[in-house]
Structure formats: structure tokens, C-alpha cells
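Analysis of the macromolecular model
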Amino acid sequence: MKLPVHLNALRAFEASARHQSFSAAAEELHVTPAAVGQLVRALEDWLGTPLFHRSSSGRARLTATDAAERALTDIRAGFDRLSLGLERLKEGSASGVLTVTVSPSFAAKWLLPRLERFHAAWPDTDVRLDTSLKPVDFVAQRIDVGVRYGAGHWPGLVAQPFMAEDVYPVCAPALARQRTRPRKPADLLEHTLVHDLSMDGSSGFPTWDGWLRHAGVAGRAPRRGLKINNSAAVLQAAIDNQGIALARSVMAHDDVAAGRLVRLFPGIAFASPLAYYVVYRAECASLPRLVAFRDWLDEEARR
């Protein structure tokens, strides 16, 4: 069947269905709402059927019809394949924009302090960071590659092991110099412990309870606690001497190396069951920008 004259009309339809709004679709496509509406109506005329139920009130002014909803999966997959085709036309070059998804804490504590070295090695590749703890749709949000922390299973994505890590208590240098500093693991219970809730409830996520049991301290609750749902803020609280944090070695590495944090009880090893993974779609594995970034990440992990 002959493709509609208007590839732009399909783009307007897909964006309108995703946003349930001509105005929001127009903002994404950098055109006017009237232009989006005209493109969608032209596609409806060509098909001979409406694509949306339209409402003059309410939050969702546009709702895709059942037939339109069924078609969207294939249309989105088609746009994805077109994007990949264009990328393959540039197989010999690593220039352009690379979109990378990472957590805000990983960006702040590990990636951003090192990213200048990637720019120096690949000056023609511009990195666009998407920082989020929530799952992202690599196709809809045009994500090329990401770094994720977990057990290594993310549906639809290749997960390449990147960095394992240990878990250990850290405190501010000022606390480490005090007479009241913890001298044995049980002494931690007399101090304010900073708890990381960034992945609260996730199976295997290291917690104070787990570390204390591993260190032989069980059956006693700490006197005080500070709970924070951001891993970088957990470390900052310890740097500011607001308590003793349970640090993940990847996140705390630079702060410990610079003397902003002091590791306590270095003789107690406690490996996290979770790790960092580089994640990407299998069909994108050979794209030059992705390969360059993946290899650079491996280099940095070996430093």
C-alpha cells in the first residue's frame, strides 16, 4: 500500500496521541497547534476514519480511538526503525548527540566528574543526560544508552555488567577524630545513622540492618536515624557531619579519596548483591556513538 504523502502527519498523530493534546504535540514538534491539527485531519481524510475522540473540556482533550491505539505500536516501531536506519547511514562517524539515562545521584557522584574526559576523547559527540530514577521508554524518549543499578534484568534491554561495589559506613573527618567515634560496629547504634531510601523496598538493596547483621550486631535498633531518598544527599549528610552513612563504594569513591569522608571498619567486607549495568537496545549495539561511550565507561571503571 502506498504510504501517505505525509510522514509528518504520522508524526503529528503519534505525538498527539502520546500527549493527548495538539498543543503539547506542537511544542514537541516545534510547529503551531493549528498545523498539528491540520496534519492529523489530513491523515484522517486520507484514511476515511477519525483517529481521535475529541472533547472540549477535561484534562485529556484527545483520546485515540481503539483502531488508532492498536496502530500506534507499529507506527512507533516504524519511527524507531527509521531513526536506526538514519544512524546506520552514519555508521562511520561518532559525531552527533548521544542521549544517556542515569540516576541523578550517579550523575552527580560518578559520571559528571569524569565526563570531560569523554568529551576530550570524542569532541564531535555531544552527550545529553536524562537523569531519572523512574523507568524510561528508550524508544519513545529516544534514549541511546543508560547506566542502571540493580540485579541486571530490564525488559527489552541488553544489560552489560559495568561495576560491582562494596558497602561500608562512612563519616565526616571531624567525627572520626572525636573520642566518641565508633570503635566497634556496635558503637554505631549510639550515633545517628543515615539511611538511603532511594530504592526503598527493592530486593537486595543494601541497608543498615543488613550491614549490622553482617558485622555481628543484631537484635538492637539504632537510637537515631535520618532517612533520605537520594544517594548523593545521603553522602552529603555524612560530609556535613549529620550522621554516619552506609556508603556504596562507587558513589563514595571520590569523596573518600579526597578526604571528605572517612571509611569506618575497613576490615569488614560487605559486597552489595546489586551492581551497575550499561543498558541499551540490542539493535543499537553497533552504533558508533554508543560503542565509544560504552568503551569509555569500561575504561573509567578500570581506573
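Note that the structure is a prediction, hence the values are computed from the model and not measured.

**A closer look at the overall build of the protein chain**
Along the backbone of the protein chain there are 11 helices and 12 strands. In terms of C-alpha radius of gyration, the protein chain reaches 25 Å, well past the compact-globule figure of 19 Å for 303 residues. For the protein chain, the spread of C-alpha atoms along the three principal axes comes to 80 × 50 × 30 Å. Burial analysis of the protein chain (303 residues in total) assigns 45% to the buried set. A separation of at least 24 residues holds for 76% of the contacts in the protein chain among residues at least 6 apart in sequence. Summed over all atoms, the accessible surface of the protein chain reaches about 16100 Å², with 52% contributed by carbon and sulfur.

**Focus on the side chain of serine 231**
Structurally, serine 231 can be placed in helix α9 (residues 231-239). With a relative accessible area of 6%, serine 231 lands in the buried category. Apart from residues no more than four positions distant in its own chain, serine 231 is found in contact with Ser105, Asp196, Ser198, Arg248 and Met251.

**Brief notes about the packing of aromatic side chains**
This structure, assessed with the given rule, holds 13 aromatic pairs. Ring pairing ties together the aromatic residues Phe106, Trp110, Tyr149, Phe162, Phe205 and Tyr276, which thus form one cluster. Directly above the aromatic system of tyrosine 149 lies the positively charged group of arginine 248, at a separation of 4.0 Å from the ring centroid.

**Thoughts on the confidence of the model for the protein chain**
A residue-level look at the protein chain finds 92% of positions with pLDDT of 70 or above and a mean pLDDT of 89. Put simply, helix α4 (residues 66-89) is where the protein chain has its lowest mean pLDDT, 81, and strand β11 (residues 262-263) is where it has its highest, 98.

**Quick word on the sheet that holds strand β8 (residues 192-196)**
Within a beta sheet, neighbouring strands are joined by backbone hydrogen bonds and run either parallel or antiparallel to one another. Taken together, 5 strands build an open sheet; the order of strands is β9-β8-β10-β7-β11 and the sheet is mixed. Only two strands of the sheet have a single partner each, and these edge strands are β9 (224-228) and β11. Bridge count between strand β7 (residues 167-171) and strand β10 (residues 244-248): 4 bridges; the pairing is antiparallel. In the strand pairing of β10, proline 169 is matched with leucine 246. Together, β7, β8, β9 and β10 form the strand contacts of α9, whose direction differs from that of β8 by roughly 165 degrees. Together, β7 and β10 form the strand contacts of helix α10 (residues 249-257), whose direction differs from that of β10 by roughly 115 degrees.

**What about the pairing of β10?**
A regular strand places its side chains so that they alternate between the two faces of the sheet. The element β10 is extensively covered by neighbouring structure, given that 5 of its 5 residues are classed as buried. Every second residue of β10 is oriented toward a common face, with Ile244, Leu246 and Arg248 on one face and Ala245 and Ala247 on the other, all of them buried. Bridging between β8 and β10 involves 2 bridges; their strand directions are parallel. From the neighbouring strand, valine 194 faces β10, where its bridge partner is alanine 245.

**Details of the sheet that holds strand β6 (residues 158-163)**
In spatial order, the strands read β4-β3-β5-β12-β6; together these 5 strands make up an open sheet with mixed pairing. The outermost strands of the open sheet, each flanked by one partner alone, are β4 (125-131) and β6. Averaged over all pairs of adjacent strands, the angle between strand axes in this sheet comes to 25 degrees, irrespective of strand direction. As judged from the 7 bridges shared by strand β3 (residues 96-102) and β4, these two strands associate in the parallel manner. When the bridges of β4 are listed, valine 97 appears paired with aspartate 126.

**Examining helix α2 (residues 22-29)**
Where α2 is concerned, the buried positions are Phe22, Ala25, Ala26 and Leu29. The buried residues of α2 all sit within an arc of 100 degrees when viewed along its axis, so they share a single face. Check the buried side of α2 and you find it contacts α1 (7-19), α3 (33-47), β1 (52-54) and β2 (62-64). At the N-terminal end of α2, a side-chain oxygen is found 3.1 Å from the backbone nitrogen of serine 23, two or three residues along, and the residue is serine 21.

So, how was this worked out
- Residues numbered from 1 in each chain as written.
- Predicted model: local features only at pLDDT ≥ 70, side-chain atom pairs only at ≥ 80, totals over all residues.
- Heavy atoms only, no water.
- Helix = DSSP H or I, 4+ residues; strand = E, 2+ residues; numbered from the N terminus.
- Rg over C-alpha atoms; globule rule 2.2 N^0.38 Å.
- Buried < 20%, exposed > 50% of the residue type's maximum accessible area, 1.4 Å probe, protein only.
- Contact = heavy atoms within 4.5 Å.
- Areas by Shrake-Rupley, 256 points an atom, 1.4 Å probe, with all protein chains shown as cover.
- Phe/Tyr/Trp six-rings, centres within 6.5 Å; stacked < 30°, edge-to-face > 60°.
- Lys NZ or Arg CZ within 6 Å of the ring centre and 35° of its normal.
- pLDDT = per-residue confidence, 0-100.
- Pairing = 2+ DSSP bridges.
- Axes fitted to C-alpha atoms, helices over the stretch in contact; angles between N-to-C directions.
- Arc of directions from axis to C-beta.
- Polar contact = N/O pair within 3.5 Å; in protein donor to acceptor, adjacent residues only side chain to side chain.

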